Amino acid sequence: MENLITLNTENISEEHICCAISDKKCSESYQAKKGWLKKEFNNGYVFRRIDARAKVFIEYGPAETAWVPISAPNYLNINCFWVSGKYKRNGYGKELLKSALEDAKKQGKDGLVTVVGTKKFHFMSDTKWFLKQGFEEVERISGGFSLLAKKINPNSGSPKFNESVKSGACSEKNGIVVYYSNRCPFAEFHAKESLKETARNRNLPLKVIKLKTMEEAQNSPSPATIFSLFLNGKFMTTDISVCMDSRFDKVIEKLK
């Protein structure tokens, strides 16, 4: 098994962050993600991966400063968590999760919390896998999202979603509206570039909203602050590929 390494402000310039390693068109977004990480490291954020050129990593930090619309005092919130390719089913997921749980215990946290889909959502962790690891669903909302928690302190309160996401809709009711942040190295390029052509070819109004601060993310109308697309006010998908002209109709049709 490959060793785990933790990125920090000193080594992140030289180390890769797993996603979009060789995707030249997303190079600016890739650097923006690194910039986001550098700032969040000061808030206790952790990016841990295997010591290899692969997409095998976990990201987590204090829920109070998480860029997601949840309330989970004294919990660690897991953001991106990915084990891909030949590394699947080799224990890396359990090892990465174990490291987060150990950190939570050392910090005196009440547990771990994470946002998932009630069914498998793109760019979100595997719900069934988390449930097998002892997580429990503590809340479910209409947009198709669940909040899972693994309590260390059984007497602690349960995490919950913020009110901003309860309706599963956004305030803009006309055309395509996208919310995204620099939490993902793919999101900015496709939200700002690919989606322009896609919307224009369908005569659809387009509004792209970048979540630039923790406060904005915590008040987002979607728990998926990496990328969420709404159509005529209704949440549709977290799948960034929907931005592409060749994929938009296929993705939307499946959701109807």
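For the structure, see preceding data.
Residues numbered from 1 in each chain as written. Predicted model: local features only at pLDDT ≥ 70, side-chain atom pairs only at ≥ 80, totals over all residues. Heavy atoms only, no water.

A. Quick look at the layout of surface pockets. Considered as a void within the structure, the largest pocket measures approximately 930 Å³ in volume. Around the largest pocket, the lining comprises 37 residues; the ones closest to its centre are F81, W82, V83, S125 and D126. At the level of secondary structure, the elements contributing two or more residues to the lining of the largest pocket comprise β3 (56–62), β5 (75–83), α2 (92–106), β6 (111–117) and α3 (127–132). A per-element tally of the lining of the largest pocket places β5 first, with seven residues. Classifying every residue of the lining of the largest pocket by side-chain character gives 21 nonpolar, eight polar and eight charged. Put simply, the second largest pocket is a space of about 390 Å³. If you trace the second largest pocket, you find 19 residues lining it, with K119, F121, M236, T237 and L255 closest to the centre. (1 Å grid on protein atoms, 1.4 Å probe; cavity = no way out; pocket = protein on both sides within 12 Å on 5 of 7 lines; lining within 4 Å. Points joined across faces, edges and corners; volume = space filled by probe spheres on them. Helix = DSSP H or I, 4+ residues; strand = E, 2+ residues; numbered from the N terminus. Nonpolar A, V, L, I, M, F, W, Y, C, P; charged D, E, K, R; others polar.)

B. Highlighting the environment of D239. Turning to its location among the elements, D239 is positioned in the loop between β13 (234–237) and α6 (248–255). Separated by 13 residues in sequence, D239 and I252 place their C-alpha atoms 10 Å apart. Ignoring anything within four residues of it in the chain, the contact list for D239 reads H122, F227, R247 and V251. At a separation of 3.5 Å, a polar atom in the side chain of D239 contacts the side chain of H122. (Contact = heavy atoms within 4.5 Å. Polar contact = N/O pair within 3.5 Å; in protein donor to acceptor, adjacent residues only side chain to side chain.)

C. View of the environment of G91. Secondary-structure assignment places G91 in the loop between β5 and α2. Separated by 21 residues in sequence, G91 and I70 have C-alpha atoms that sit 29 Å apart.

D. Up close: the pairing of strand β7 (residues 136–141). Judged from the five bridges that link them, β7 and strand β8 (residues 145–151) form a sheet pairing that is antiparallel. Its bridge partner being in β8, E137 is matched across the sheet by L148. Between β7 and β8, which follow one another and run antiparallel, lie three residues, and G144 among them has a positive phi close to 95°. (Pairing = 2+ DSSP bridges.)

E. Focus on the nonpolar core. Membership of the largest hydrophobic core comes to 62 residues, with the highest contact counts inside it found for F145, F227 and L229. At five residues, the largest contribution of residues to this core is made by strand β10 (residues 176–180). Leaving out residues up to four positions away in the same chain, F227 has contacts with V178, Y179, Y180, A191, T237, T238, D239, I240, V242 and C243. Judged by nonpolar contacts, the second largest core, of 23 residues, contains V46, Y60, Y92 and L97. (Core = buried A, V, L, I, M, F, W, Y, C linked by side-chain atoms within 4.5 Å. Buried < 20%, exposed > 50% of the residue type's maximum accessible area, 1.4 Å probe, protein only.)

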